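As a plain string of letters, each chain reads:
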Amino acid sequence: MTDTSTATQPAAADRGVPLCELRDIKVAFGGLHAVDGVTIDMYAGEVVALVGGNGAGKSTLMHTLSGAHPADSGEIRINGDLVTIHNPRDAREYGVEVIYQKLALADNMDAAANVFLGRELRSRTGSLDDEAMDSATQRVMQRLNPRFKNLKTAVRSLSGGQRQSVAIARAVHFNARILIMDEPTAALGPAETAQVRELITQLKAEGIGIFLISHDIHDVFDLADRITVMLQGKLVGTVNKHDVTKDDVLAMIIAGKQPGDNGSE
Ligand SMILES: Nc1ncnc2c1ncn2[C@@H]1O[C@H](COP(=O)(O)OP(=O)(O)OP(=O)(O)O)[C@@H](O)[C@H]1O
Ligand SMILES: [Mg+2]
């Protein structure tokens, strides 16, 4: 298994301004505090895994960044600048893109048509510029996944890993700097999971930062640099992967225990 994180990562204090910071975010649904004062950050080229049990508030927290649901209070900073995100369009303006588990692809269309779906390139006469879209898709795929050869195939008949490549190519082509990935390997077999791992390595090398929501502790340890744990809407803590064991993280997820806390007072 490849470890995509950098073992010799500098301490956060040496790394300057985070690419993205969510500070003291709160979201309530009626009396339910789905996200209750959570702070999380991420540096360029870093994968931060966001973990926690069902209903911990992971998706709701990420919705405040993707523009799917506004925060009631708190701050979002991108490259240190305070930003206001009301909707997905605002998020895209700041380079935030979401790769959903159920990839929103048009199954009967090929990779290029999917990359440019809703943002098609047109020639001066207003007709679709297929040639330009094909060659742009080829370029971005060459970077991300050089083995991807099925540019003319309807994405319906692609493997799960290849479909991920198409969804990520779409985000990257439109200058995503911050990717939110929701369970990207949940429905994939081992070979496809390996392909997604390679994609993530490539995205990191390009300086893209990733928030990775995952229930798979093995994926989390393979892919993440740091791990942020939530429990019932609250932040349990953020740890550097190299400082903790899987059991430490599971204890954080289940019992809200800090690593090194053996439970005796
Ligand atoms: N639109 C909504 N309206 C009312 N309650 C909501 C809404 N969205 C989420 N919730 C509630 O907020 C809490 C946090 O949900 P959220 O989906 O963020 O959790 P999660 O950590 O993503 O869980 P999972 O791992 O199951 O996806 C849950 O109690 C959920 O029922
Ligand atoms: Mg969720």
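All figures in this text were calculated on a predicted structure; none of them were measured in a lab.

J.: Just to check I follow, could you spell out the overall build of the protein chain for this structure?
T.: Counting secondary structure elements, the protein chain contains eight helices and ten strands. Rg of the C-alpha trace for the protein chain: 19 Å, near the compact-globule value of 18 Å for 265 residues, within the 12% margin. Projected onto the principal axes, the alpha-carbon positions of the protein chain cover approximately 70 × 40 × 35 Å. For the protein chain, the residues scored as buried account for 42% of the 265 residues in total. Within the protein chain, contacts between residues separated by at least 24 positions form 67% of all contacts whose residues are at least 6 apart in sequence.

J.: Explain the sheet that holds strand E8 (residues 209-213) to me, please; I cannot follow it from the model alone.
T.: The strands making up a sheet associate through hydrogen bonds between their backbones, and the pairing can be parallel or antiparallel. Pairing within the open sheet is mixed, and its six strands lie in the order E6-E7-E8-E3-E9-E10. Of all the strands in the sheet, the pair left with one neighbour each is strand E6 (96-99) and strand E10 (234-240). Adjacent strand axes in the sheet meet at a mean angle of 20 degrees when their direction is disregarded. As defined by bridge partners, strand E9 (residues 226-231) adjoins E10 across six bridges and the pair is classed as antiparallel. The residue of E10 that forms the bridge with Met230 is Leu235.

J.: It is not clear to me how unusual backbone geometry should be interpreted in this structure. Could you clarify?
T.: Keep in mind that most residues, glycine aside, have a negative phi and that most peptide bonds are trans. A positive phi angle, near 50 degrees, is found at Asp24, a position not held by glycine. Structurally, the position occupied by Asp24 is in strand E1 (residues 20-29). The class of Asp24 is partly exposed, set by 14 C-beta atoms lying within 10 Å. Even without glycine at this site, Asn79 takes up a positive phi of about 50 degrees. Structurally, Asn79 can be placed in the loop between strand E4 (73-78) and strand E5 (81-83).

J.: I'm lost on the nonpolar core in this one. Help?
T.: A general trend in soluble globular proteins is that nonpolar side chains are found buried together. In terms of nonpolar packing, the biggest core is built from 74 residues, with Ala49, Leu50, Leu179, Ile210, Phe211, Leu212 and Val229 touching the most fellow members. Residue contributions to this core peak at six residues, all from helix H5 (residues 160-173). When sequence neighbours within four positions are dropped, the list of residues in contact with Leu179 reads Glu97, Ile99, Ala171, Leu203, Ile208 and Ile210.

Criteria and thresholds
- Sequence order as written defines the numbering, with residues in each chain counted from 1.
- The naming scheme follows written order: chains are lettered A onward, ligands numbered 1 onward.
- It should be noted that, the model being predicted, local features are given only for residues of pLDDT at least 70 and side-chain atom pairs only at 80 or more, the latter also being counted only at that level, while totals for whole chains, interfaces and linings use all residues.
- Under the DSSP-based scheme used, a helix requires at least four consecutive residues in state H or I and a strand at least two consecutive residues in state E, with every element numbered from the N terminus.
- Based on C-alpha atoms, the radius of gyration is set beside the globule rule, defined as 2.2 Å times the residue count to the power 0.38.
- Exposure classes come from backbone-placed C-beta atoms, where a residue is buried if 20 or more other C-beta atoms lie within 10 Å of its own, exposed if 12 or fewer do, and partly exposed in between.
- Contacts here follow a simple rule: the backbone-placed C-beta atoms of the two residues must lie within 7 Å.
- Any two strands are treated as partners once DSSP identifies two or more bridges connecting them.
- Axis lines are fitted through C-alpha atoms, for helices just across the contact stretch, and the angle between N-to-C directions can take any value from 0 to 180 degrees.
- For our purposes the nonpolar core covers buried Ala, Val, Leu, Ile, Met, Phe, Trp, Tyr and Cys residues that link as a set through C-beta atoms within 7 Å.

No statement about biological role is implied by the geometric values presented.
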